[in-house]
Amino acid sequence: MELHVIETGNLKLDGGAMFGVVPKSIWNKNYPADENNLCNWSMRCLLVVDGDRKVLIDNGIGDKQNEKFLKHYYLNGDDTLQKSLEKAGYTTDDITDMVLTHLHFDHCGGSIVKAGEDQYKPAFKNATYWISKGQWEWATKPNRREKASFLKENIFPIRESGQLKIVENEGALFPGIDVKFYNGHTDGQMIPFIKYNGKTIVFMADLLPSAAHVPMPYVMAYDTRPLVTLQDKEKFFTEAIEKEYILFLEHDLYNECCTLEETEKGPRVKETFSLSEI
Ligand SMILES: [Zn+2]
């Protein structure tokens, strides 16, 4: 099995929204904001190549939104989905499986491209798109609070293309890749666990956006059920420490991966490193 980090560029989001009830005077020391209170976040995806199977996990914000929308998120950085796939030696046509942790636009915007005025088609024409049942049902009937994150042009064309596969159960998705569902951030967020060289690498998505979010109260204001996030985090962290999981961080601009350890104050970051160091 080969793993490739696929950087798709960065976006800026309000630091207060990202750190929830934690005061800026505290989080700003670990994850500094700019003069507009915005912090810079990566959209770091992962390509898993195992024989003929080429699995991409999440795909960033894409490039089909209008300028006004994209400007609002201050896209920055030189990396794009296409450039990073090419650098790894692949194209969008090579991808056999597109695994989406959830359907917020910064995770799935690269799924679909424009095919003309108000027309859309899958960016990965040979891929099956895997989405959890809980997330599909949640995102296709969005609540008012999350509606701005679920863009219909990212979602319905997947079903219309016939390339959608709903994941009903936790467990093995492919040999070497298991998934589990978490409901605090959004319903049915699907987290992949990858077995690699005797280690388990967990693609954290929005269950843990960055290493700065490790202490328990650091829960995003975006989460629909923050108390469920707390339970999910606690249970997952206990398992991650016991089994020495490597956490792959999608949104952390400064750290690609981290491990955790138990301390007197609760779980904390043990080490940070890049995936290539494993
Ligand atoms: Zn999200």
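Summarised in this report is the structure supplied together with it. Just so it is clear, the structure is predicted and the values come from calculations on it, not from any experiment. (Residues numbered from 1 in each chain as written. Predicted model: local features only at pLDDT ≥ 70, side-chain atom pairs only at ≥ 80, totals over all residues. Heavy atoms only, no water.)

This brings us to empty space enclosed by the protein. Applying the stated criterion across every chain yields a total of two cavities of 30 Å³ or more. When its volume is computed, the largest cavity comes out at roughly 50 Å³. Tallied by class, the residues present in the lining of the largest cavity amount to six nonpolar, two polar and three charged. Size it by volume and the second largest cavity reaches roughly 30 Å³. Lining the second largest cavity we find M1, V48, D50, R53, V55, F174, P175 and I177. Each residue belonging to the lining of the second largest cavity can be placed in one class, and the counts come to six nonpolar, no polar and two charged. (1 Å grid on protein atoms, 1.4 Å probe; cavity = no way out; pocket = protein on both sides within 12 Å on 5 of 7 lines; lining within 4 Å. Points joined across faces, edges and corners; volume = space filled by probe spheres on them. Nonpolar A, V, L, I, M, F, W, Y, C, P; charged D, E, K, R; others polar.)

Okay, helix 6 (residues 133–140) next. Every buried residue of helix 6 is listed here: Q135, W136, A139 and T140. Projected down its long axis, helix 6 shows its buried positions confined to an angular sector of 115°, all on one face. On its buried side, helix 6 packs onto strand 7 (128–132), helix 7 (152–160) and strand 8 (164–167). (Buried < 20%, exposed > 50% of the residue type's maximum accessible area, 1.4 Å probe, protein only. Helix = DSSP H or I, 4+ residues; strand = E, 2+ residues; numbered from the N terminus. Arc of directions from axis to C-beta. Contact = heavy atoms within 4.5 Å.)

Donor atoms from the polypeptide that bind the zinc ion are H102 (NE2), H104 (ND1), H185 (NE2) and D206 (OD), placed at 2.1 to 2.2 Å. One way to put it: the four donor atoms around the zinc ion meet at angles of 88 to 172°, and that makes the site irregular. (Donors = N, O, S within 2.8 Å, 3.2 Å for Na, K, Ca; no water. Tetrahedral: all angles 85-135°; square planar, octahedral: opposite > 155°, others 65-115°.)

Counted under the stated rule, the structure contains 17 aromatic pairs. Measuring from centroid to centroid gives 6.2 Å for F19 and Y31, while their planes differ by 55°, and the two rings are tilted. Note that F19 is positioned in helix 1 (residues 15–19) and Y31 in the loop between helix 2 (24–30) and strand 2 (38–50), a separation of twelve residues in sequence. Across the pair, exposure class does not vary: F19 and Y31 are buried alike. (Phe/Tyr/Trp six-rings, centres within 6.5 Å; stacked < 30°, edge-to-face > 60°.)

L46, F236 and L247 are the most contacted members of the largest nonpolar core, which has 40 residues in total. A per-element tally of this core places strand 11 (residues 189–196) first, with five residues. Aside from chain neighbours lying at most four places away, what touches L46 is L3, H4, V5, V55, L56, I57, I194, F203, F248 and L275. Membership of the second largest hydrophobic core comes to 26 residues, among which are C45, A127, A139 and F150. (Core = buried A, V, L, I, M, F, W, Y, C linked by side-chain atoms within 4.5 Å.)

Attention shifts here to the pattern of salt bridges. On inspection of all chains with the given rule, the structure shows seven salt bridges. D97 is paired through a salt bridge with R53; the nearest N and O atoms lie 3.1 Å apart. Here R53 lies in strand 3 (residues 53–57) and D97 lies in strand 4 (residues 97–99), a separation of 44 residues in the sequence. On the basis of relative accessibility, which here comes to 4%, the residue D97 falls in the buried class. Ionic pairing is found between E239 and K180, a salt bridge with its closest N-O pair at 3.0 Å. In this pair, E239 sits in helix 8 (residues 226–242) while K180 sits in strand 10 (residues 177–182), placing the two residues 59 residues apart along the sequence. Owing to a relative accessible area of 27%, K180 belongs among the partly exposed residues under this scheme. (Salt bridge = Lys/Arg side-chain N within 4 Å of Asp/Glu carboxyl O.)

Looking now at unusual backbone geometry. Phi at Y74 takes a positive value of approximately 45°, unusual for a residue other than glycine. Position of Y74 among the secondary structure elements: in the loop between helix 3 (67–72) and helix 4 (81–88). The exposure class of Y74 is partly exposed, given its relative accessible area of 44%. The backbone of A205 sits at a positive phi, close to 45°, despite the residue not being glycine. With respect to the element layout, A205 can be found in the loop between strand 12 (199–203) and helix 8.

Our focus in this paragraph is the sheet that holds strand 13 (residues 246–248). Read across the open sheet, the seven strands follow the order 9-10-11-12-13-14-15; overall the sheet is mixed. Unpaired on one side and paired on the other, strand 9 (171–174) and strand 15 (266–273) mark the two borders of the sheet. Across this sheet, the average inter-strand angle for adjacent strands is 35°, counted without regard to direction. Pairing geometry for strand 14 (residues 257–263) and strand 15, over seven bridges, is antiparallel. Residue pairing across strands places E262 opposite P267, the latter belonging to strand 15. Together, strand 10, strand 11, strand 12, strand 13, strand 14 and strand 15 form the strand contacts of helix 8, whose direction differs from that of strand 14 by roughly 95°. (Pairing = 2+ DSSP bridges. Axes fitted to C-alpha atoms, helices over the stretch in contact; angles between N-to-C directions.)

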